[in-house]
Amino acid sequence: MHELTTKNVIVTAATSGIGEAIARLLAARGAAVVLSGRRESKLADVVADITRTGGKAIGVAGDVTDENHARRLVDTAVERFGGLDAAVNTVGGFGEAGPLTGISLAGWRATLDLNLTSAFLGAKHQVPAMVARGGGSIVFVSSFVGQTVAIANTAGYAAAKAGLEGLATTIAVEYGAQRVRANVLVPGGTDTPSNVANAPDATPEVRAHVERMHALGRLASPNEIAQAALFLVSDAASFVTGTQLRVDGGVSIMG
Ligand SMILES: NC(=O)c1ccc[n+]([C@@H]2O[C@H](COP(=O)([O-])OP(=O)(O)OC[C@H]3O[C@@H](n4cnc5c(N)ncnc54)[C@H](OP(=O)(O)O)[C@@H]3O)[C@@H](O)[C@H]2O)c1
């Protein structure tokens, strides 16, 4: 059982799916959480749920592609909770999909901004606060798509997610001596609104196909992914840095 009672943690994408599950789990384990998402009312609902049950949470609404938002999240952790110990940079999304030759430059850039530049901006402001605290843990949420499995029509998303590995390993090397760890969490298909199995036009066959891609024959619940984030944030992972943690139901090992 990982306890986080002394940890102050930023969690992005806390208004839905994996990020919301991470926010709720970390808070339930005692972390003080600074939560990010664009939808203010949904963010307020998650914060209210956590505080009603005795947890510590503050919501900061904003867009992760905006450097000012990245800075505000860190400032909030420092000013309201006294410092920053960890960040789970969860935000991501497919962006413009389709065959490579049909992807617009604007669409490509938007996908990289959302999935990769947001992670850079987050880490750029999180690292100094963690160094000032004597160390910390940065987690980037990637995907099996691009990281371990190639799927057609996802070039921008795949390239951005693969880029997270280079970002994490470089941070791990640059700041390891100052006790900052950086890792990539690689989920498999997870039962959230953005999974293709939950698209408005998804048929039962689509869901069955996605499930069959995994050795375990099903999607993850968001909470199963959150358990891995809890581990990476906690002191149980104190010697884990610069690595990818697959929590993917075996999707990466299927032939
Ligand atoms: N679901 C899967 O099968 C799966 C598999 C592998 C990896 N992943 C990865 O896991 C992460 C979370 O995915 P999910 O499926 O849990 O997503 P989701 O349920 O669709 O939620 C997306 C979240 O991202 C936030 N968000 C989107 N754009 C944002 C922006 N520009 N600024 C701030 N927040 C933004 C949304 O909040 P607002 O709308 O309130 O802004 C929402 O909280 C992503 O990185 C995704 O690539 C998902």
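Higher on the page you've got the structure.
Residues numbered from 1 in each chain as written. Predicted model: local features only at pLDDT ≥ 70, side-chain atom pairs only at ≥ 80, totals over all residues. Heavy atoms only, no water.

Moving on to the site of the ligand. Taken together, 28 residues lie around the ligand, and T15, S16, R38, Y157 and T192 are the ones closest in. For the ligand, an oxygen atom lies 2.7 Å from a polar atom in the side chain of T15. Burial of the ligand by the protein amounts to 92% of the accessible area it has alone, namely 890 Å². Those elements that place two or more of their residues in the shell around the ligand are α1 (17-28) and α6 (155-175). Of the residues that constitute the shell around the ligand, the class distribution is nine nonpolar, 15 polar and four charged. (Near = heavy atom within 4 Å. Polar contact = N/O pair within 3.5 Å; in protein donor to acceptor, adjacent residues only side chain to side chain. Areas by Shrake-Rupley, 256 points an atom, 1.4 Å probe, with all protein chains shown as cover. Helix = DSSP H or I, 4+ residues; strand = E, 2+ residues; numbered from the N terminus. Nonpolar A, V, L, I, M, F, W, Y, C, P; charged D, E, K, R; others polar.)

Right, let's talk about the packing of helix α4 (residues 105-133) against α6 for a bit. Viewed as axis vectors pointing N to C, α4 and α6 meet at an angle of 15°, and their least axial separation amounts to 8 Å. The angle between α4 and α6 places the two elements in the roughly parallel class. Both α4 and α6 take part in a crossing whose hand is right-handed. For the pair α4 and α6, contact is made by W108, T111, L112, N115, L116, A119, F120, A123, V127 and V131 and by A155, G156, Y157, A159, A160, K161, G163, L164, L167, I171 and Y175, respectively. Residues belonging to the contact of α4 with α6 are distributed by class as follows: 16 nonpolar, four polar and one charged. (Axes fitted to C-alpha atoms, helices over the stretch in contact; angles between N-to-C directions. Parallel < 35°, antiparallel > 145°, perpendicular 65-115°, else oblique. Left-handed = near helix turned anticlockwise from the far one by under 90°. Contact = heavy atoms within 4.5 Å.)

Here we come to the pairing of strand β4 (residues 86-89). Side chains of β4 alternate between two faces, with A86 and V88 and A87 and N89 buried alike. With three bridges joining them, strand β1 (residues 8-11) and β4 adopt parallel strand pairing. Counterpart to V9 in the pairing with β4 is A86. In terms of strand pairing, β4 meets strand β5 (residues 136-141) through four bridges, oriented parallel. Residue pairing in the sheet places V88 in a bridge with V139 of β5. Taken together, β4, α4 and β5 form a β-α-β motif whose crossover is right-handed. (Buried < 20%, exposed > 50% of the residue type's maximum accessible area, 1.4 Å probe, protein only. Pairing = 2+ DSSP bridges. Right-handed = clockwise from strand over helix to strand, strands pointing away.)

A separate point is the packing of α1 against helix α2 (residues 40-52). Relative orientation of the contacting elements α1 and α2 amounts to 20°, with a least axis distance of 10 Å. Relative to α2, α1 is oriented roughly parallel. The two elements α1 and α2 meet at a crossing, and its hand is right-handed. Where α1 approaches α2, its residues E20, A23, R24 and A27 are matched on the opposing element by K42, V46, D49 and I50. Here the residues of the contact of α1 with α2 are counted per class, giving four nonpolar, no polar and four charged.

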